[in-house]
Every structure is written in C-alpha cells, then in structure tokens.
Amino acid sequence: MKLIPTIGLEVHVQLNTKSKMFCSCDNNAQDKKPNTTVCPICLGMPGTLPTPNKGAIKYAIMLGKYLGGEIAQRTKFDRKHYFYPDLPKGYQISQYDEPVVKGGRVSVGDLSVSLERIHLEEDAGKLTHPKGKGYSLVDLNRAGTPLVEIVTKPEITSPAQAKEFLQYLRLIVRYLGISNGDMEKGHLRCDANVSVRALQKPQSSSAPVGELGTPVEIKNLNSFLMVERALNYEIKRQSVLLQNGEKVTKETRGWDDDKGVTFSQRTKEFAPDYRYFPEPDIPCLYNLEKSFKVTLPESMEAKLNRARKCNVAQNDLEVIFRDDELLKLFDKISLEKNNKACVAKAMNIFINIPAARALKPGFVLDLARSLISGKIGAHNTKPIINEGLSTHSSFAKIIEDGGYGVAIEEENLDATIRSVIEKNAKVVADYRAGKKEALQYLLGQVMRETKGKADPRVIHNLLQKAL
Ligand SMILES: [Zn+2]
C-alpha cells in the first residue's frame, strides 16, 4: 500500500514594526533586560485600551497583496481565550472569522501552495524554566509583538516541499522588509498539520479517492531543519500505524529535538475551547485597501529576470536575494544604462569584497569595466578598493597615480617569460617532469620582473604555452 503525506502549515511571522501591536512600547526587545519594554496595555492591566498599530496592518495588507490574496472589505479583531502564565490578559487578541486577507498563493519553482488566509495577532511573553529550580521566570517583553499568521491549504506533499515553502516565504517577508525572518531568533515559527493517505483506492471500491487522513498537528517548529525532521518522523509513525491496521488519533503533538521524536500533548477530547468573541475595545476596520494605500515594490521575479539578463551567476543571485544591502546596490546599478557584463562583475565584487559597498557604485562599475577589458589585473582589485576607501579619490586618479593601470600587454610579456625560463632551467625541468607546482614559482618570478603590472592569469597561460 503506497501512502502519501498531506501537509498544511500555519506560519507565524514577527513583524518588525517600531512599536508593538496594540501599544507604543518598543517592538525591538533584542538584548533588552526582561520586562523593560512593557506598559500597562501589553501587561494586560484592567481598564487599559488597545490601539491597533497601523504599520502592522499595512504590512499584513502588503504581504496579502504580494501573494495575490483578497484584501478584506471589513476586518475585525477577536479575543482568543486560554490560560497560560506568559499571557497576562488571559486572552490573546487575534482574528477569528474576518481576517485581513483571504486566499493567496505562494509559488516557487514547481511548487504552488494556495493559502487559506493571513491574519494579524499579538505574540505572548516568554517563559524560562531554570534547571533544578522550583520556579519559572516570565519575560513579557515579547508580549504584544505583532504577528501575521499565514495559513496554507493542505497541499504540501513532502517535508522537503514544506522546507522549500518556508524558505521562500522567509525570502518574501525579508524582501518586503516586513520581518527580519530570523528563525533562530523566533521571528518565524511554524505549526504543521500532517496526515497520510493511500494514493489510490482499488477501482471496484466506492470509497472516495484521495480523501484526507486523520490530521495530527505538530506545534512549535523553530527551524527549517526541525520542520523537515519532525515531518519525516511523523509521516513514518503514521504510516507504520496504518500499515499495521491501527488508527491514527487526531491530536496535537510536540517535537523533541534531542530525541528526534514527536510526542502526544493532547487529544481531541482535551482540545481547548478558545471561546472566541469580538474584541469590544477595537472597532471593525473598513475598506482596508483604500484606507491603507499600500504600494508594492517591483516583484521579486521581475528583479530576478533583470539579474538573469545581466548574466549574474546563479551562486551570486542566491546571495544577492538574501541581502537587503546587495539588492539595493543591484537596483542602483542595474536600473541605469550600464553595460550588463559590468553589472554582473560589479555585483560579484560587492559580494566577495564587502568593503567595496562603501564606495560609490560608479567606482566599482569602473573597476569592473577595467577588469573585464584586462586594463588592470584581478590581483589589483583589493589594493584599488582599499585605496579608494582611504583616499576617496576617483577611480581614474587612483589608476594613474598608483600605477595600477596599463597592465603590460600580452605581446610585451614574451621577452620576460623567455628570460625567466632561461634563468630557471632546473625548475623548468621539474615542471616538465610532472611537478605542477613548479609553475607557481615561475609565475612569481615573472610577477617580480614586471613589478606586478601584468595579469597573473595571462602570465599563467603564457607560461603554460611556453613550456
Ligand atoms: Zn506596551
């Protein structure tokens, strides 16, 4: 019996707004002392009133529009009740039946996953349990941090796809600038619903083909690797149960990363009743698209196409699209009428020599152009950049003054190469006897003779030919 898994994800993304979801507290609690970025509102004091953060609503609309979802005409907030020591109000303000965004789709390569919804909510605080102590500690700095929850339809069919989906989603939220998307810091957290089913029922059967199996929810997966491992384990566990004729129980399970297993947390009978009801202190919001004029940046795909037209190498592309600073530099130089080959080379310099990012883009483009034409040798790239940074001189002046320019042309190297070969008969013999590293010594000699003004790659080729 061939079994295939079906996976749905609920992803929580922390938004990087200045203030929290319903108060003006600092939303960046990184490296802050516990319980210092708090106020009566996010501490849940009686009598306080929440005010929704416009920036967070805007970010949710932005994400929804980017993913092709339908932005609500009317949206509201609801209270979701549960008791936990890190939730001072005894309820979380979330969205129940009228989310900011309905539908949408995430497509990457061959993978295309439709979304159920995107809604806004506030995060809870954080508990720590010191080892060997009879108490727990609570830090409410995180309480009230704005989150968007992205809920997919159960359309993912492997743990690898789930990982790919998450990685791409992280790229999008970073690209839109709405979250830092750092999984290690908890900016992106994920719950997964997973079930397995038979691929095909026998033809004679009247049972519906492709019916979903009993779903099990795995909570709190905090890294891409964890998502993949937990899903692999859970799919195997459910498959073994079904193959032995047993049933899968509908339940919520946790993931033990050390042991590499999922474990039961609660079954359906103990599923919490959240007693949702509309948040009475926040009015409904209407006409979101009109009230929040959100303009989307150029789509990531369009930018990718532009980069491909410039022949930016695939490895470089992956680095550029994960780095805000590089993306901005790419925009700056690729939207102007620059030689496409120079754009690709300049981006390669920005990636490999990060210090170059502090130079004027025009400087680096000039450098790229001279490298491509062979006017200067690759070995001079770093010295020229360093000089540009320390002297703030123009590229042309540095080349002139520093003597970097006018590399010795290929045809003028012949004499030097011949004389080096004559002077080093033993090394040449070693090379011809198969000692390949002898060539490096000869190359060094030619470099010395030419005072570093020739391109080592050219010398290398000429030496190989001459020998
Ligand atoms: Zn606050």
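Residues numbered from 1 in each chain as written. Predicted model: local features only at pLDDT ≥ 70, side-chain atom pairs only at ≥ 80, totals over all residues.

**Focus on the packing of helix H7 (residues 324–334) against helix H8 (residues 340–352)**
- Packing of H7 against H8 leaves a shortest axis separation of 10 Å and a crossing angle of 155°. By the angle class used here, H7 and H8 are roughly antiparallel. Every pair of crossing elements has a handedness; the one defined by H7 and H8 is right-handed. Between H7 and H8, the residues in contact are Leu326, Leu329, Phe330, Ile333 and Ser334 and Val343, Ala346, Met347, Phe350 and Ile351, respectively.
- By residue class, the composition of the contact of H7 with H8 is nine nonpolar, one polar and no charged. (Axes fitted to C-alpha atoms, helices over the stretch in contact; angles between N-to-C directions. Helix = DSSP H or I, 4+ residues; strand = E, 2+ residues; numbered from the N terminus. Parallel < 35°, antiparallel > 145°, perpendicular 65-115°, else oblique. Left-handed = near helix turned anticlockwise from the far one by under 90°. Contact = placed C-beta atoms within 7 Å. Nonpolar A, V, L, I, M, F, W, Y, C, P; charged D, E, K, R; others polar.)

**Some details on the nonpolar core**
- Within the largest apolar cluster, 59 residues are counted, with the highest numbers of intra-cluster contacts made by Ala60, Leu63, Val100, Val148, Ala162 and Ala192.
- Of all the secondary-structure elements, those providing two or more residues to this core are strand E1 (3–14), helix H1 (54–66), strand E8 (111–122), strand E11 (146–152), helix H2 (159–176), strand E12 (188–198), strand E13 (216–221) and helix H3 (224–243).
- With eight residues, the single largest contributor to this core is H1.
- Contact partners of Ala60, with chain neighbours within four places excluded, come to Val100, Val101, Ile118, Leu120 and Val148. (Core = buried A, V, L, I, M, F, W, Y, C linked by C-beta atoms within 7 Å. Buried ≥ 20, exposed ≤ 12 C-beta atoms within 10 Å, placed from the backbone.)

**A few points about the pairing of E13**
- Examined bridge by bridge, E12 and E13 share four bridges and lie antiparallel to one another. Within the sheet, the bridge partner assigned to Val194 lies in E13 and is Val216.
- Sheet topology places E13 next to strand E14 (residues 251–256); two bridges connect them, and they run parallel. Pairing of Glu217 across the sheet is with Thr252, part of E14. (Pairing = 2+ DSSP bridges.)

**Thoughts on the environment of Leu43**
- Note on placement: Leu43 falls in the loop between E1 and H1.
- For the pair formed by Leu43 and Leu176, sequence separation is 133 residues and the distance between their alpha carbons is 30 Å.
- With near-sequence residues (within four places) excluded, Leu43 lies in contact with Val38, Pro88 and Leu140.

**Quick notes on the sheet that holds strand E5 (residues 91–94)**
- Pairing in this open sheet of three strands is antiparallel, and the strands run E5-E4-E16 from one edge to the other. Looking along the sheet, the strands with just one partner apiece sit at the ends: E5 and strand E16 (277–278).
- Summarising the sheet, strand E4 (residues 78–81) and E16 pair through two bridges and their orientation is antiparallel. Across the sheet, residue Asp78 finds its bridge partner in E16, namely Pro278.

**Looking at helix H10 (residues 381–391)**
- Every buried residue of H10 is listed here: Thr381, Ile384, Ile385 and Gly388. Looking straight down H10, one finds its buried side chains confined to an arc of 100°; they lie on one side. Exposed residues lying more than 90 degrees from the buried face of H10 are Ser390 and Thr391.
- Structurally, H10 contributes buried residues whose contacts are with H8, helix H9 (361–373) and helix H11 (395–402).
- Directly after H10, the chain includes His392, whose backbone phi takes a positive value near 55°. (Arc of directions from axis to C-beta.)

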